Each structure stands twice: as C-alpha cells, then as structure tokens.
Amino acid sequence: MKREGRLQVNWRRIWYMLCFFALGIIDQRRGSAPGNVQMTAANLTGLVIAAMLVPSLQLKRFRHVIYGIWTIIAAIGGSVACTWGWEHYLYRDQWVSAVLVIAVWGYLLLYILHLCVSSEKEAQILRRKVVNPFFWCMEAMFLFMLFSVHEGYMPLMLLVLAGGFYLIGIPKAAREDFFQGMLNGIICWFFVQQIIAFGFRPYDYVRYRGLYSGETQNGLFYMIAYCAFLVKWLWLKESGRHRVWSWIHFFLAAGCVSFTLFTGGRSPLVGIALATVVVLIWYDIVWRKSFYRLLLHGVLGLACVVVTFPVVYGCIRYLPTVLHHPVWFEGEYNGNNVMYNDPWDSPKYISFETAVDINIGRILQVIGIDIRKWTSEIPGSAWVMRVHAQEPGELEESGEQKELGEPGDTEENPFNLPDTERGNSVDVRKVIHVYCIQHLNWRGHAKRAGFYIFEGLLIEHAHNMFLEIGYNHGIPAGLLFVGIYCYSLIWSFRKRRLEGMLCVTFLLAILGYGMFEMAVVTGQITVSLMGILFCLAGEKDEEPETAVESRKTEKESAMEMCQMEKFSV
C-alpha cells in the first residue's frame, strides 16, 4: 500500500521533461552553432524522439533473438560506416550521428513489426493505426517530399520518425504525464537558456538575440516559452489548486511577451496574439460562459506586459555586466560589440529609448504606423529602393530576354512588385509569397533554387511554412501539409481538458509564426512539436469522450485533488 501524504516522484513525467528540454537545446544549437554542429544537432532529434517512446515500450520484448541479431548487424555495420565516414565525409559528426540514429531506430522498427504479428491487445491497436487514412496521408506527404527534385535525406528521416512515433504512440494512461512533462521541459529550457544569456550575452544589438545568433530565432524561443506558461496557467487555474503558482505563470507569460518585443520579431508576436485570442475566447466564453472573465484576463495581461517591459530591459541590459564576459557566436562579432574591457555604461550598449524606437517601430509598421514620424532617434535608417521587374515586352525590345531569363533569375533582372521598399520587410514578404505562388509546380524545386528581388539580395526561403513545402517539394506535399494541419487543429478543438488546450495553443502559435517565417527547418523545435501533435491528433480514441463522461471525469479529479490536499504537508 502507498502511504498517503508521502511525496512520490513521477519518473515518467521527469523523463518526458528531459526529452523536451533536449529538444530545446537542439533548437538552440541548430540555430546558432557552426555548420557541422547544426547538422549534427538536427540528427540528434531522432535520438530524442526515440527516447521519448521508451516509456511506451514493452521492454521484455527486447529479449527476442531478432534484437540480438540486429545488435550484431548494427555493431559491425555501424563500426564500418563510422570508419568510412570519418575518412571520407566532410561533416564527420553529422555522419556518425546519422549512423547512430539508424541503429537506434532499427530496434524500434523491429519492435513495430514484432508487435504487429503478435496476438496481443496492443497489436490490434497497432493494426488499427496502420489502416488509419491519416497515417497514410502523413506518410504520403513525406514520400512526395522525398521524391521531389529538392535534394536531401531529411524527408526520409521524418518519414521514419513520424511514422514510428504515430504507431508506437503515447499510451492513454501516460498522456497527462507526457503533456505535463512537455510543459515542464519547455519551461526549464527557458530558464536555463535565459539565465545563460543574462550572464554572457550583452545587449549591444538593438534587436535582442539572447542565446541565439539571430533575433527571429530568439523571438521564436520566447513564443514557445509563452505557450508553455499560458497552458500551465490555464491548467493550474482549471484544476483549482496552487492559485499563487497559477498567477506566477500568468506573469511569466507576460514577461515572455516583453522579451519578444525586444527582439523586434513580428512573426512571433503574430503567433502569440493568435494563440492568446483564440485560447482565451475558447476558455472564458465557450467553457466558462463569461465575457467578463475574457475582459479581465485581457486587461491583466496587458498590464503585466507594461510592468514587465522595463524589468526585462533592466535584466538584459545590466545583468550581463555583472560577470562582464561577452560571448559571441561564429561570424557574429564586429567592432560595435561590447568588449570585456568596456565599462558598464559604454555607449555600445543599447539605450531604452533606442530599443523602443526600433523594435516597437518595426512592430507598428505592420499596421501602417510609422514611428519615425514622431521620433528621429533611429540610427542606420534602411536604404529604400523602388524597383520592379521589366515587362517581357520591354526585354524583347531591348534584346536581353534570352540573356536575363525570367524575372528573378539574375540580379540585373530581379522579380519585384511596384513600389516595394527594400527596407520594408512586410513588402519584401509580399514579393516572396507572390513569386512562390506563381512558381508552384508538381515536383518542387532544386535545393538553393532562390531568386533575386533586389541587387545583391537572393531569397532562398518562402517565409511561409505552407509555401515552403509546396514550393520546395511540390503541390501534392503542400496540400497534404495544409490538410494535416487543419485536421489537427479541428481535432484539438474537440478535446476538452489539458490535451486539447495544449495542442490548440501550440498549433495556433506555430501557425501564426509560420505564415511569415521559416518554421519547417529540420532540428527546429517547431518541426518536432508539429510532428508530435500531428501524430497525437491522428489517433482515433477507442471510446470517444462524451460531455457527460468529461464532466464526470473532471468531478472525480477534483475530488481526488481535495483528498490529496488533506494529506499534504
């Protein structure tokens, strides 16, 4: 018998937490490390996803002889492959990590086949998953990506990882531990990474980069952390326990918004706004039937952002001066960076006024407000260049059509729209989206098949996750991606408690971000989160939860919580 009132450690939840923490570290390394480390980190995603499935496995099955045979094959073949790759492959660590991923996932694929041919209850569930149309749609998307003209082995890796995660899955009994571990892992990642940034990353670039080499990636980091704090707040609020901790998470979520404002990232703010508006309307009006609650939470959220904004500036500006040991990533340093011998009040640090002018100005630019009309303290104003592609008739008349090719192929003949400002990233994204839509085809485009929109400005990404898949890998893959995303969102809205709330929040935030930025880069945490949530969305519940059952379950959970509180110290 378990002693009531005794603290018990949920090791499964801790395991999931460590896995998601590892995904966060991979995201940081993928976004800021040198090339070899970036590609190695992307491969390590396969090992973390495999580790995430360990609590779902029946470990006694691995006593079978087929796993011993695979161990011998993997040991011999892996040693030969690593030796060959170490001598002939440019990125050695990437090669070795890929061999390791193949060896580990070989065990999991054998496990799936071994379980599928057995007569156990789990085998029946597995066979139902195999015949699920969602599974084949997801695998078909990766197959279209694999056989497109866009080079790369990552679609094959994603096909195996997503298919394996879907078929093995997370047991129903472990779902709450999984989601709680996910939130806790992301929150731990936020604190660890931000504390390191406070120690070694001075605020000497107007768009705060934190522990990344790019400000947009740092904004994505804060957006993901915001989602974790928001869902944690809602879950604690819904459970009726730990009200103080609930509002602490609410306050920290507002702090993530302030961090995002200092990055000047508009795409992360779009994701935050979309997730917040929809989730709060869903929770306050649909669930709680209270418009007053919605207004209260909205006003409190804005007030917390106003309060945390100067606090965040004080932290990112002055805490790095305590240790005063600046750290830069490769290719990042220039003469304007803070040196170890610069004083704490060096003019190289960004002032509060400059940070507000530049970062808030970029954000207001989206809705047509030009802050430059009210302030002149914007150093290095963007160079404006209005240019558009020549009409085909003009090129024929000048006799240069054959030499210049289609608009966008060369710097001399860029693809552009009339009245496009080079310094206006909103206008630039419109041009990118128009070009990608006009050049969609069935088999995609070769790697690095970019186009020019200005002299010296080559665009290689669609800056929209749906266009990115459709442009690079073809229309069929793009349409399947859109369909899977929509299906996952609809499924999430049909769920009620923590599972649906979490899926909706993260999927909406990634959707808002991915409409204007790169969200499908292998190794980026958005890809891992989308894949995991897609797989969970595609599973069909054996016994659909009705409204009566849902209320009954919630009532029983509340009674259990009350009983636990009686025995708590």
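Residues numbered from 1 in each chain as written. Predicted model: local features only at pLDDT ≥ 70, side-chain atom pairs only at ≥ 80, totals over all residues. Heavy atoms only, no water.

### Considering the overall build of the protein
Counting secondary structure elements, the protein contains 22 helices and two strands. By the burial criterion, 49% of the 569 residues in the protein qualify as buried. Taking all contacts inside the protein whose residues are at least 6 apart in sequence as the whole, residues at least 24 apart take part in 74%. For the protein, the accessible area works out to roughly 28,500 Å², and carbon and sulfur atoms hold 64% of it. (Helix = DSSP H or I, 4+ residues; strand = E, 2+ residues; numbered from the N terminus. Buried < 20%, exposed > 50% of the residue type's maximum accessible area, 1.4 Å probe, protein only. Contact = heavy atoms within 4.5 Å. Areas by Shrake-Rupley, 256 points an atom, 1.4 Å probe, with all protein chains shown as cover.)

### Considerations on the environment of Arg-12
Note on placement: Arg-12 falls in helix α1 (residues 11-32). Between the C-alpha atoms of Arg-12 and Asp-177, which are 165 residues apart in sequence, the distance is 6.8 Å. Sequence-distant contacts of Arg-12, that is, excluding residues within four places in its chain, are made with Pro-55, Ala-173, Ala-174 and Asp-177.

### Comments concerning the packing of helix α5 (residues 121-130) against helix α7 (residues 154-168)
Running from N to C, α5 and α7 cross one another at 135°; their axes reach a closest spacing of 9 Å. The angle between the axes of α5 and α7 places the two elements in the oblique class. Every residue of α7 that contacts α5 at Leu-126, Lys-129 and Val-130 is listed here: Tyr-166, Leu-167 and Ile-168. Here the residues of the contact of α5 with α7 sort into five nonpolar, no polar and one charged. (Axes fitted to C-alpha atoms, helices over the stretch in contact; angles between N-to-C directions. Parallel < 35°, antiparallel > 145°, perpendicular 65-115°, else oblique. Nonpolar A, V, L, I, M, F, W, Y, C, P; charged D, E, K, R; others polar.)

### A closer look at the pattern of salt bridges
Evaluation of the coordinates by the stated rule reveals eight salt bridges. Close ionic contact of Glu-499 with Arg-175 constitutes a salt bridge, the shortest N to O distance being 2.8 Å. With a gap of 324 residues between them, Glu-499 in helix α20 (residues 498-514) and Arg-175 in helix α8 (residues 175-200) connect regions that are remote in the sequence. A relative accessible area of 5% means that Arg-175 is categorised as buried. (Salt bridge = Lys/Arg side-chain N within 4 Å of Asp/Glu carboxyl O.)

### With respect to the confidence of the model for the protein
When pLDDT is averaged along the protein, the result is 82, and 84% of the positions lie at 70 or above. Element-level mean pLDDT values for the protein span from 41 in helix α22 (residues 547-567) up to 95 in α8. (pLDDT = per-residue confidence, 0-100.)

### Side note on unusual backbone geometry
Look at His-324: it is not a glycine, yet its phi comes out positive at around 50°. Of note, His-324 is situated in the loop between α13 (320-323) and α14 (352-365). Residue class for His-324 comes out buried when judged on its relative accessible area of 19%. Positive phi, normally seen in glycine, also occurs at His-463, with a value near 55°. Tracing the backbone through its elements, the reader meets His-463 in the loop between β2 (457-459) and α18 (465-473).

### Brief notes about helix α12 (residues 291-318)
For α12, with 28 residues, the first-to-last C-alpha span of 41 Å sits near the 40 Å given by 1.5 Å per residue. Where α12 bends most, the angle comes to about 30°, and this point is Thr-308, followed within four residues by the proline Pro-310. Residues Leu-294, His-297, Gly-301, Cys-304, Val-305, Thr-308, Phe-309, Val-312, Tyr-313, Ile-316 and Arg-317 constitute the buried set of α12. Near the N-terminus of α12, the side chain that reaches the backbone nitrogen of Arg-293, with its oxygen 3.1 Å away, is that of Ser-290. (Expected span 1.5 Å × (residues − 1). Bend = angle between axes of the 7 residues up to and from the residue. Polar contact = N/O pair within 3.5 Å; in protein donor to acceptor, adjacent residues only side chain to side chain.)

### Quick look at the nonpolar core
Met-52, Phe-178, Tyr-485 and Phe-506 are the most contacted members of the largest nonpolar core, which totals 130 residues. Take this core: its biggest share by element is 16 residues, from helix α9 (residues 215-239). Sequence-distant contacts of Phe-178, defined by excluding residues within four places in its chain, comprise Tyr-16, Phe-20, Met-52, Phe-165, Ile-170, Ile-532 and Leu-536. Residues Phe-415, Cys-436, Ile-459 and Ala-462 belong to the second largest nonpolar core, which totals 13 residues. (Core = buried A, V, L, I, M, F, W, Y, C linked by side-chain atoms within 4.5 Å.)

### Here's the deal with the environment of Thr-45
Structurally, the position occupied by Thr-45 is in helix α2 (residues 35-52). Among the residues examined, Thr-45 registers a relative accessible area of 8% and is labelled buried. Separated by 483 residues in the primary sequence, Thr-45 and Ser-528 have C-alpha atoms spaced 7.9 Å apart. Excluding its chain neighbours within four sequence positions, the residues that come into contact with Thr-45 are Leu-23, Ile-26, Leu-161, Gly-523 and Ser-528.

### Observations concerning the pairing of strand β1 (residues 451-454)
One ladder, built from three bridges, connects β1 with β2; its direction is antiparallel. Counterpart to Phe-454 in the pairing with β2 is Leu-457. Remark: two residues form the turn of the hairpin made by β1 and β2, two consecutive strands paired antiparallel; Gly-456 in that turn has positive phi of roughly 80°. (Pairing = 2+ DSSP bridges.)

### Things to note about the packing of helix α3 (residues 65-88) against helix α4 (residues 92-116)
Packing of α3 against α4 brings their axes to within 10 Å, and their N-to-C directions diverge by 165°. By the angle between their axes, α3 is roughly antiparallel relative to α4. Remark: the crossing between α3 and α4 carries right-handed chirality. On α4, the residues touching Ile-66, Tyr-67, Trp-70, Thr-71, Ala-74, Gly-78, Ala-81, Cys-82, Trp-84, Gly-85 and Trp-86 of α3 are Arg-92, Asp-93, Trp-95, Val-96, Val-99, Ile-102, Ala-103, Gly-106, Tyr-107, Leu-110, Tyr-111 and His-114. (Left-handed = near helix turned anticlockwise from the far one by under 90°.)

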